[in-house]
Each structure stands twice: as C-alpha cells, then as structure tokens.
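Here is how the chains run, residue by residue.
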Amino acid sequence: MSLGTFGVVLKFAMELEAMGTAYYETATTITQNQELKSIFESRIIQGQRRIQTLMRVRRENTTEMILEPITGLSSQKYRPQTECPPGCPDDQLIQLALTMENQIQQFYIDAAEKISFLSEAADIFERLAEENANNKKRLQSSS
Amino acid sequence: MTVEVVKNYINGKWVESKTKKFRDVINPSTGEIIAKTPLSTKEEADQAIQAAKAAFWRWRSTPAQTRIRHLFRFRDALETHFEALSKVLTMEQGKCLDEARGEYRRTIENVECAASIPSLQMGYNKEDIAAGIDEMVIKQPLGVFFCVTPFNFPGMVPSWFWPYAIACGNTYIVKPSEQVPLSQVRQFELIHELGFPKGVLNMVHGGPEAVNALIESPDTVGMSFVGSTPVGKLLYAKCGEHGKRAQVQAGAKNFLTVMPDADLDRTVPALMTSFFGCTGQRCLSGAVLLAVGKVFEPLKKAIIKAVKEIKVGNGLEEGIQMGPLASKAGMEKTLSYIEKGIQEGAELLVDGRNITVPNYSNGYFVGPTVFDRVQPQMTIAREEIFGPVMSIIHVTNLDEAIDIIHANPFGNASSIFTTNGKTAREYQYRVKAGNIGINIGIVAPIATFPFSGMKNSFFGDLHGQGRDAVNFFTENKVVITRWF
C-alpha cells in the first residue's frame, strides 16, 4: 500500500508499533528466560509510549501547507512478521524481534527523509529509529 | 433513526429554536441526513444579543489574565478531543481527515494566539507631550460582536474572531454556516463543560433572518464575515448603514504562476494540494495556472500524471486525498462550470465528471479536472468555481501573467513558482493580492499574521487573526493627563 499522505504515514507507524507491542506481549508469555522477559516487557511499555508520541506528532504537525502528497513510500517493505508460535525457542523469539526492530527502524529512517519538510516530525522519526537500533543492541546482547 | 436537531446556545444554556424552518445537514460522502439546523427567528437572535449585552460589563472588567484562562482550558480541550472533532468535521463537510486535522491545528493556533492578549492589547504612552503633560492610548473592548461563517472551514473560521474578541473583553455571538453546524456545536459543548461565564459566548443558528437581526440590532457593534463576494458586499453595506464595524472576507479566484526555471519536482505536489486539496473549496485554492514560456509542456505532462494519482473517496478513510464537494449544489455548480469550459472551447485534459467512488454512489463527488487552452476571457478563468478544477493558461512572460491576474476582480491569494529571487521579488512587489506565495501552493497565514485579501476578496480595513483582530475588537481611547 502506498503511503501517500502524512496521515497515512502516521497511521502506518502506529500500526507498526501496535504490531510490535502485540509481538512482545505474546513473546513475554512464551519465554522462561527472566532477562529476556524483562527486555520484552520494557519494549511493551516503550511501544505504548511511542504510540502516544506518534499521536501527538500527528496532532501538532498536520497543517494546511503540508498536505502535499508523499511519493515513493510503500508499506509492504516494512510490514514485519510478528507471529510467534507457541513454544517458540528463545533464539527464534530474539531473531524475530531483531528482524522486526530492523524493519521498523528502516521505516522511520525512510519516512523521516520523505517528511523532511516537517522538521519536528522528521526529528521524532529519527529518534524512534535510534530507539530501534538500541533495542537491537539489547536483544543481541541477550542472545 | 432520530436525527439530531441542533440547538442554539444562549446565556450559558442550550435552547431549542421555536422556528418551523430547518435545513438538513447532509454527509456529502454518503448523501445521508445527519442533523437538522434550525433557521432561528429574529427573536432568538435578539435573545442572544441581550444575553451578550448583559454579560459585557462584568466580562470587560474581568482582568485579561483571568479571561484568557478560559481560552487555555478550551485549547486543552481541543487537544484532548482532537481526533473526534476532526471526524465530525469530515463527516459534515466532506474534507479528508488530514485536512480536518490541519483545520483544527489552525483553530488551536488561533486560540493560543488570542491567549496572548495581555501583551497584544497593551496600549502605548508618552511622557511630556507638553511640559508636565503625559498622553496614553488604551485599547478598550466595545461590546457585542458576531460572526457569520462559511461552510468550507466550519471548525476553524469562527476561531479567527471570537477568541480574540472575548479575550479583549467583548462578548460574542457565533452564527455558524447552517449547512455545517456540527463542528461548532461540538466546540460549544466543550465550552459549556468548561464553564465559560454565561452570555460571554453565544451561538445562534440560522439564515438571513438571524443575520439581519444581528446587523440591525442597536446592541451589536461589529460583524466578521467569511463567505461569497455577493453576500459579503451586501452585508458590508448593511453594516455601514447601521454604523457597525465590519471585516468581510469574501470570494476568490487565485492565480498561480509557474516560471520556466521552477523546480517542477517540488512545484507539482504543491499545485496538487493547492488546486485539489479540500476539493478546491478553500478561498486560497488555486484556480488558474499561468504556465510561463517553455515550462508549459513538461508542466502539463507532470500535472496529468500527478492528478491521475489523487485518491478520491470518503474523507473518513485514511489515505483519501480528496473528498466530495460539500453539497449537492456545490457539485452541480462545479459540473456546470466544466460544461461551460467545454462549450467555450477549453480543452478538457482530465475529466472529473462521472467519477465512480465504490460504496458511495450517493456522494457529491467530482474528480480532479484539468482544462488546457483556457483563455482569460472564458468563464472558467474569470469566475469562482469553488471546486476541483484547474484551468491552464499558457503565457509568454511574467508581464502577461500579471496583466491577467490584475484584470480579474478578485485579489485573495496568488503564488509564483520560481528559483529566481529577483522574479519572486518582482511578483511579491507588483501583484495585487492579499496573500502572496513564493513556491507555496496554499498561502495560509498562521494565526499571528492577518488573513489578508484585496479587491473583491475583502471589504473592510482590518483582517481576521493576529494583531489585526486585536485592533478590530478594540478601540483606542486617548488620555491626556496633567497633575497640579
């Protein structure tokens, strides 16, 4: 799906965050590793906060002059695989999480460039991408 | 299903109108009736005037710092209910959600700007204008003001006026568009919950009878109007007759000029939002595109490609870029102008008639339409269409473009797209339009600047928003003092 307007970009970002949070909620119930569980739980809280941030960005940055169509951004590339089968081993949970964090990070990097005319929104996208990078580091260190 | 009959808000209470005349409020995407607006009587308008008059002295003597706290609370409520308000706006007006959100953003900006009245309303003074004598100017509120507002920005336009008016110490009556009253009703529900002092802010729905009562009353002092030029002119004259202040922001026919050196990759998206954003129903929408010299062919090609990518549909669906016209009458008017364009010999490059929007066969949709080979004397180049129609005129140079712009009676907005600073400055310097854009599609002034307009697009002296609003809602009292 083409992400052709600021509203659609933000809606997709929120969908990604919701998918990420849902994944971590399931993963938390599967893993028995306390350290990993705690990483997943903190990511759930982070995901909720990120959605609030995105809602604020949408409220505060949609102005008449920036309703110009956005081109060259499509959702397909970034939609992560978020199903984790029951009893999924930890290393696979981590691998799925890493792939997901990577895709979300890439989405924010690409989208920030596309909405660079909205400096505050672009800045927040970049910060969210940085958080994804940090999340990846944390996941990697636990594997 | 019962349809909501909207109520007036007078003296801090919701009041049912006693009128027998109503107007249907229709969701333009579906054709469904979603509410009914009472066409209030003269007596009901008078009740609102009397409530506002009675509230005036207590309110004007309330310190400005206290008055604006109501605005702060209202601003927070708008943030809290942002999405819900945006959806109501889309439902009654048709514009897509992003546009509705943009409208509410500007509404909030205006409330924020008005909240700086303790600074903006300050007068000025001078010591020793003569030996031992000082002089000062105090900016005082006047009394009961009202606004008559249009269907294209039902959430925002009243905010160009009333927050400033009441922050300055006046009391106020909002007369929303009878076609789209729900956005104001929802805002007044918040105002009611927040406990604004009774009578300070009132709302009366209706048509000419209510408007005439507001103008003719000896107890009102001024009117802000946004709407068409014929109605605006009429009301402006009527205000003059009755000794009222008036600011009348009227119709438009906006010309956008693209120079051969324009950056087309950036220009074309800006043109899309200008001509087709809000389905061409902004008073700042592009109407005529003046393509200068050799830019014509590549520009035309890029426009056709971009126009075909615009997604038309129910604005409530995220991703839709253009909603329906706000009314059946608006749709029919637009279609009749397209016919006229064909009859007068313009070439229809993109035809927006007979557009099919799946699941919304009763909606008032007209697709983006582009005419080429338009001549300045054609109807579609002269008259305000207020729909998604772009008329392209090929001109040889900037002088020819400016001559065409100046031959038109409107002067609301005009933009130039160029990478040459000298050309841009010349355009800004010479073009007689109230809002000039340099590489800007929609020249929408933020709340701290006046929403300007010239020629047949504005009647009055002081515009809406910013310092102009403060001057409109206050009068200068000069005090000269000497102490013995």
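In the block above lies the structure referred to throughout.
Numbering of residues starts from 1 in every chain and runs along the sequence as written. The lettering of chains begins at A and the numbering of ligands begins at 1, in the order of writing. In keeping with the model being predicted, local features are shown solely for residues with a pLDDT of at least 70 and side-chain atom pairs are shown and tallied solely at 80 or more, while totals for entire chains, interfaces and linings include all residues. Only heavy atoms go into the side-chain values, all of them from the structure, while hydrogens and water stay out.

Draft legend 1. Structural detail: the overall build of chain A. Helix and strand content of chain A: 4 helices and 0 strands. Within chain A, buried positions represent 54% of all 143 residues. Whether two residues touch is decided by their heavy atoms; if any such pair falls within 4.5 Å, the residues are in contact. Long-range pairs, those at least 24 residues apart, make up 81% of the contacts in chain A with a sequence separation of at least 6. When the accessible surface of chain A is totalled, it reaches about 6,500 Å², and 50% of it is carbon and sulfur. Numbered from the N terminus, helices here are DSSP runs of H or I no shorter than four residues, and strands are runs of E no shorter than two. For every residue, the accessible area (1.4 Å probe, protein chains only) is compared with the maximum for its type, and the residue is labelled buried under 20%, exposed over 50%, or partly exposed between those bounds. What sets the accessible areas is the Shrake-Rupley method with a 1.4 Å probe; for residues, cover comes only from the shown protein chains.

Draft legend 2. Seen up close, the interface of chain A and chain B. Counting residues at the interface gives 18 residues for chain A, matched by 23 residues for chain B. Here chain A packs against chain B, burying approximately 2,000 Å² in sum over the two surfaces, 59% of which is carbon and sulfur. Any carboxyl oxygen of Asp or Glu that lies within 4 Å of a side-chain nitrogen of Lys or Arg is treated as forming a salt bridge with it. Summed over the shared surface of chain A and chain B, the result is 3 salt bridges. Across the pair R59 of chain A and E79 of chain B runs a salt bridge whose closest N-O atoms are separated by 2.7 Å. Counting of polar contacts relies on pairs of N or O atoms within 3.5 Å, with two restrictions inside protein: one atom must be capable of donating a hydrogen and the other of accepting it, and residues adjacent in sequence are counted only when both atoms are side-chain atoms. The interface formed by chain A and chain B contains 5 residue pairs in polar contact (both at pLDDT 80 or more). As used here, buried area is the combined drop in accessible area, with a 1.4 Å probe, of two parts when they are placed together.

Draft legend 3. Just the sheet that holds strand β1 (residues 4-5) of chain B, in detail. Residue and element names in this part refer to chain B. Any two strands with at least two DSSP-identified bridges between them are counted as paired. Judged by pairing direction, the sheet is mixed, and its 3 strands sit side by side in the order β1-β5-β4 without closing on themselves. With one partner strand each, in any of the chains shown, β1 and β4 (22-26) form the two edges of the open sheet. Relative to strand β5 (residues 33-38), β4 is paired through 5 bridges, and the arrangement is antiparallel. Its bridge partner being in β5, F22 is matched across the sheet by P38.

Draft legend 4. Structural view of the pattern of salt bridges. Residue and element names in this part refer to chain B. Within this structure, the stated rule accounts for 37 salt bridges over all chains. Among the salt bridges present, the one from E426 reaches R430, with a minimum N-O distance of 2.6 Å. Placement of the pair is E426 and R430 together in helix α15 (residues 421-430), with a separation of 4 residues, close to one helical turn. For R430, a relative accessible area of 32% puts it in the partly exposed group.

Draft legend 5. Inspection of the packing of helix α10 (residues 264-276) of chain B against helix α11 (residues 296-308) of chain B at higher detail. Residue and element names in this part refer to chain B. Interaxial distance between α10 and α11 falls to 10 Å at its minimum, and their mutual angle equals 55°. With respect to α11, the axis of α10 lies oblique. Considering how the two elements wind past one another, α10 and α11 form a crossing that is right-handed. Here α10 contributes L264, V268, L271, M272 and F276 to the contact with α11, which in turn contributes P298, L299, A302, I303, A306 and V307. Gly is placed with the polar residues, together with every amino acid not listed as nonpolar (Ala, Val, Leu, Ile, Met, Phe, Trp, Tyr, Cys and Pro) or charged (Asp, Glu, Lys and Arg). Across the contact of α10 with α11, the residue classes break down as 11 nonpolar, no polar and no charged. All axes here are fitted lines through C-alpha atoms, helices being fitted over the stretch that makes contact, and every angle between N-to-C directions spans 0 to 180 degrees. Here roughly perpendicular refers to angles of 65 to 115 degrees, roughly parallel to angles under 35, roughly antiparallel to angles over 145, and oblique to all remaining angles. In this scheme, a crossing is called left-handed if the near helix is turned counterclockwise away from the far one by less than a right angle; it is called right-handed if the turn is clockwise.

Draft legend 6. Inspection of the sheet that holds strand β14 (residues 286-292) of chain B at higher detail. Residue and element names in this part refer to chain B. The strand order β15-β16-β17-β14-β13-β19-β20 describes an open sheet built from 7 strands, whose pairing is mixed. Every other strand in the sheet has two partners, leaving β15 (347-350) and β20 (435-438) as the edge strands with one partner each. Taken pair by pair, the neighbouring strands of this sheet meet at an average axis angle of 20°, ignoring direction.

Geometry only, nothing functional implied.
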